[in-house]
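Structural overview
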Amino acid sequence: MSLLGSQRAEEFESSDEARFDWALILALVSLVGLGLINVYSATANIPGLVGVTSYDMALRQLMNLGIGLFVIGLIMLVDYRLVERVAYVIYGVNFFFLALVPIFGVVRYGARRWLNLGFMSYQPSETMKIATILALAKYFHNRSGTHRLDFKDLIKPGLILCVPGFLTITQPDLGTGGHLLISGTAILLFVGIRPRVLITGIIAAIVSFPVAWQYGLKPYQKDRIRTFIDPMADPKGEGYNALQSMIAVGSGQLSGKGFKQGTQTQLHFTPEGHTDFIFTVLAEEWGFLGALSLFGLYLFLMYRCVHIASLARDKFGSLVCVGIIGMIASQIAINIAMVCGMFPIVGIPLPLVSYGGTSVITVCASLGMLLNIGYRRTIF
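Basis of the calculations
- Residues numbered from 1 in each chain as written.
- Predicted model: local features only at pLDDT ≥ 70, side-chain atom pairs only at ≥ 80, totals over all residues.
- Heavy atoms only, no water.
- Salt bridge = Lys/Arg side-chain N within 4 Å of Asp/Glu carboxyl O.
- Helix = DSSP H or I, 4+ residues; strand = E, 2+ residues; numbered from the N terminus.
- Buried < 20%, exposed > 50% of the residue type's maximum accessible area, 1.4 Å probe, protein only.
- Phe/Tyr/Trp six-rings, centres within 6.5 Å; stacked < 30°, edge-to-face > 60°.
- Patch = residues over 30% accessible without salt bridge, like charges linked within 9 Å, V, L, I, M, F, W, Y side chains within 5 Å.
- Areas by Shrake-Rupley, 256 points an atom, 1.4 Å probe, with all protein chains shown as cover.
- Expected span 1.5 Å × (residues − 1).
- pLDDT = per-residue confidence, 0-100.
- Contact = heavy atoms within 4.5 Å.
- Core = buried A, V, L, I, M, F, W, Y, C linked by side-chain atoms within 4.5 Å.
- Pairing = 2+ DSSP bridges.
- Axes fitted to C-alpha atoms, helices over the stretch in contact; angles between N-to-C directions.
- Parallel < 35°, antiparallel > 145°, perpendicular 65-115°, else oblique.
- Nonpolar A, V, L, I, M, F, W, Y, C, P; charged D, E, K, R; others polar.

A separate point is the pattern of salt bridges. If charged atoms from side chains of opposite charge come close, those side chains can pair. Enumeration over the complete set of coordinates arrives at 9 salt bridges. For Lys129, the salt bridge identified is with Glu126, shortest N-O distance 3.1 Å. Residue Lys129 and its partner Glu126 are located together in helix H7 (residues 124-142), separated by 3 residues, close to a single helical turn. Glu126 matches Lys129 in its accessibility class, with the two residues each being buried. For Arg226, the salt bridge is made with Asp223, and the minimal N-O distance between the two is 2.9 Å. Of this pair, Arg226 and Asp223 both sit in helix H11 (residues 219-229), 3 residues apart, which is roughly one turn of that helix. A relative accessible area of 43% means that Arg226 is categorised as partly exposed. A residue is classified by how much of its surface remains accessible, and Asp223, at 21% relative accessible area, is partly exposed. Overlapping salt bridges bring together Asp150, Arg194 and Arg196 as one network.

Okay, structure coming up:
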């Protein structure tokens, strides 16, 4: 099932060069290269990285990219329709590791989100996002009928989506858990939901917010929301990180202060400059022009993803593409909006740019699935 119909797909050549989207790979490598430059700058003389140099951090990120490209190569070797057959198995394995986090997880920054594998730290909630997309795509691929989803139709897919989302939120990791729910919701909206169900869901979310505020959110999560509403309420306390990140972004002006010349980031006024707040490093050192270049690369990446989605030959491929596009696009939007003060601060890295092994590999695996679907659009 193609998003734009099979007739358009027939218009494209079926050679290996035509089927493989090298432009998407170029965008991916360009984004990681831009990230390497900023990771190198952001990790200069960080007090917490005793004995670890900027070169070491950049080299580790380069290794993460190498692993990510290797994962893409592995995924390309297997027909995505075989992945469909084991989608529930992939979901089950990821869910198993996610369930182990409360028991064996490593605590960092007050949250238990990682499993120590010896050679690397593994964050199951990151890979759970793509596993959930695959499971939902398989479920709706096998679903008979084309009618919009009613309340009873949402029970099974709701469990597939909400159970891992709930486990992730309770780690606590509200950012990744909410992002997982957004990725899955993109598939539900694409399949089609009856207006009454959508309206009921929105009303239920509004009505339940006071209960969630009182009993569901932890004190620091409430503080982040209060800070988002009024950062100046506590500029030296809870509002400090948000204010410093906005100052860093604005101080870059048109062309930036230059490589490793940012005052806010080099003097470490902004937190986690190499991970969640790496956009502050880029904006301060390379200015509006640098940020615009980053946006251009992301837009080109999304364009290639949508292009591949438009050529998907079956329903499973279409739904996987929609879920991955929703996952990456929402992650980009939330991270940049957070840094610019337009969204509460949450722990979400900037795709392919922020430092992090599991994050880079997960995005590469997702793009590998897209490339796989596009490559086999003319293979029967």
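Using the criterion set out here, one finds 10 aromatic pairs in the structure. Each ring, one from Tyr40 and one from Phe259, has its centre 6.1 Å from the other, and the planes form 15 degrees; the classification is stacked. Of this pair, Tyr40 sits in helix H3 (residues 22-42) while Phe259 sits in the loop between helix H12 (240-251) and helix H13 (263-266), and the two are 219 residues apart along the sequence. Since its relative accessible area comes to 31%, Tyr40 is described here as partly exposed.

Before going further, it helps to spend a moment on unusual backbone geometry. The phi torsion at Gln253 lies on the positive side, around 50 degrees, for a residue other than glycine. Note on Gln253: relative accessible area 62%, which makes it exposed. At Lys260, a position not held by glycine, the phi torsion is positive, near 60 degrees. Among the structural elements, Lys260 can be located in the loop between H12 and H13. On the accessibility criterion, Lys260 (32% relative accessible area) is partly exposed.

Attention now goes to a nonpolar patch on the surface. There is a patch of nonpolar side chains on the surface, built from Ile37, Tyr40, Tyr55, Leu59, Leu62, Met63, Phe259 and Trp286 and spanning about 750 Å² of accessible area. Contributing elements (two or more residues each) for the nonpolar patch: H3 and helix H4 (54-77). The element best represented in the nonpolar patch is H4, accounting for 4 residues.

Counted at 1.5 Å a residue, the expected span for helix H15 (residues 315-339) with its 25 residues is 36 Å, and the 36 Å between its end C-alpha atoms agrees. Most of H15 is tucked away, with 22 of its 25 residues classed as buried. One or two positions beyond H15, positive phi appears at Gly341, with a value near 80 degrees.

A separate point is the confidence of the model for the chain. Of the residues in the chain, 92% have a pLDDT of 70 or more, and the chain-wide mean is 84. When the criterion is pLDDT under 50, residues 1-17 qualifies, and its contacts beyond four places in sequence or with other chains add up to 35 contacts.

A few words on the nonpolar core. The biggest cluster of nonpolar side chains holds 86 residues, and the ones touching the most others in it are Phe140, Phe279, Leu294, Leu301, Leu352 and Leu367. A per-element tally of this core places H15 first, with 13 residues.

Okay, the sheet that holds strand E1 (residues 106-108) next. Ordered by their spatial adjacency, 3 strands build an open sheet running E1-E2-E3, and the pairing between neighbours is antiparallel. Taken across any chain shown, the strands that pair with only one partner, and hence form the sheet edges, are E1 and strand E3 (121-122). The pairing of strand E2 (residues 111-116) with E3 spans 2 bridges and is antiparallel. What sits directly across from Leu115, in E3, is Tyr122.

Okay, the environment of Val107 next. Mapping Val107 onto the fold places it in strand E1. Assessed through its relative accessible area of 48%, Val107 is described here as partly exposed. With 75 residues separating them in the primary sequence, Val107 and Val32 have C-alpha atoms 28 Å apart.

With that out of the way, let us pick up helix H6 (residues 87-104). With 18 residues, H6 extends 26 Å between its outermost C-alpha atoms, agreeing within 8% with the 26 Å of an ideal straight helix rising 1.5 Å per residue. Among all positions of H6, only Ala87, Tyr91, Asn94, Leu98, Leu100 and Val101 are buried. Summarising the contacts, the buried residues of H6 are in contact with helix H5 (80-85), E2, E3, H7 and helix H8 (155-169).

The next point concerns the packing of H3 against helix H16 (residues 357-375). At a minimum axis distance of 11 Å, the contact between H3 and H16 shows a crossing angle of 170 degrees. With respect to each other, H3 and H16 are oriented roughly antiparallel. Residues Leu24, Ile25 and Leu28 of H3 touch H16, and the partners they reach there are Cys364, Leu367 and Leu371. Partitioned by chemical class, the residues of the contact of H3 with H16 number 6 nonpolar, no polar and no charged.

Attention now moves to the pairing of E2. Two strands pair when backbone bridges link them, and E1 and E2 are joined in this way by 3 bridges, in the antiparallel orientation. Its bridge partner lying in E2, Val106 is registered against Trp114. The hairpin turn running from E2 into E3, its antiparallel successor, is 4 residues long, and Gly118 in that turn takes a positive phi close to 90 degrees.

Put simply, helix H10 (residues 195-216) and H11 touch, their axes get as near as 9 Å, and they point 130 degrees apart. Considered as vectors, H10 and H11 are oriented oblique to each other. Contacts between H10 and H11 involve Trp213, Gln214 and Gly216 from the first element and Gln221, Lys222, Ile225 and Arg226 from the second. Taken together, the residues of the contact of H10 with H11 break down into 2 nonpolar, 3 polar and 2 charged.

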